[in-house]
Amino acid sequence: QVQLVESGGGLVQPGGSLRLSCAASGYIFTMYGMSWYRQAPGKQRELVATITSGGTTTFADSAKGRFTISRDNAKNTVYLQMNSLKPEDTAVYYCNTRVRRLDYWGQGTQVTVSS
C-alpha cells in the first residue's frame, strides 16, 4: 500500500529555515510527481510546491524565492527546503501524490514560525 511519512517540522524563529522530508513507499516512486500542501488553522489546504517525475518544479506565489522542492529517487524521498520563514508559514505540512487516479496523503508535520 502507498504510504507517505513526513518529518522535519518544528518550531523556528522568523527568518529561519527548515527542511521537511517525505518518505514514500508502496509504489514506483520515480513514475509519479509529488506535492507539498499546507493547512493553517481556519484556512483551506493550499498547494505549496510540486515536483514532477521529470523534476520540473512549481511553487505557490507565497513560496517563490524562499522554498525549494527536490527529490531523491534513490531514497524515495521528497524534500521541501524552507528559508526565510515567516509567521504566515505556520501550518501543518502534508506531502501528496496521485497514483492511479487516487490521492495519497501523509500524516502531516507541524511547522510553527514564531518569536
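Everything numeric here is computed off the predicted structure, so don't read it as measured data.

As for the state of the cysteines
Scanning the entire structure with this criterion turns up one disulfide. In this model Cys-22 forms its disulfide with Cys-95; the gap between the sulfur atoms is 2.0 Å. Across the disulfide from Cys-22 to Cys-95, rotation about the S-S bond amounts to roughly 55°, and the bridge is consequently right-handed. Of the two residues, Cys-22 sits in strand E3 (residues 18-25) while Cys-95 sits in strand E9 (residues 91-99), which places them 73 residues apart along the sequence.

Let's talk about the nonpolar core
Grouped together as the largest cluster of nonpolar side chains are 29 residues, with contacts concentrated most on Tyr-27, Met-34, Trp-36, Leu-80, Met-82 and Tyr-93. Sorting the residues of this core by element identifies E3, strand E4 (34-39), strand E5 (46-51), strand E7 (67-72), strand E8 (77-82), E9 and strand E11 (109-113) as the ones contributing at least two each.

Basis of the calculations
Each chain has its residues counted from 1, following the order in which its sequence is written. With the structure being a predicted model, the display of local features is reserved for residues of pLDDT at least 70 and the display and counting of side-chain atom pairs for 80 or more, all residues being used for whole-chain, interface and lining totals. Computation of side-chain values: all heavy atoms of the structure, hydrogens and water removed. Note on terminology: disulfide denotes any pair of cysteine sulfur atoms within 2.5 Å. Here a strand is any run of E in DSSP of at least two residues, a helix any run of H or I of at least four, and the numbering for each starts at the N terminus. For this analysis, a nonpolar core means a set of buried residues of the types Ala, Val, Leu, Ile, Met, Phe, Trp, Tyr and Cys, connected via side-chain atoms within 4.5 Å. Throughout this description, buried means an accessible area under 20% of the type-specific maximum (1.4 Å probe, protein chains only), exposed means over 50%, and partly exposed covers the range between.

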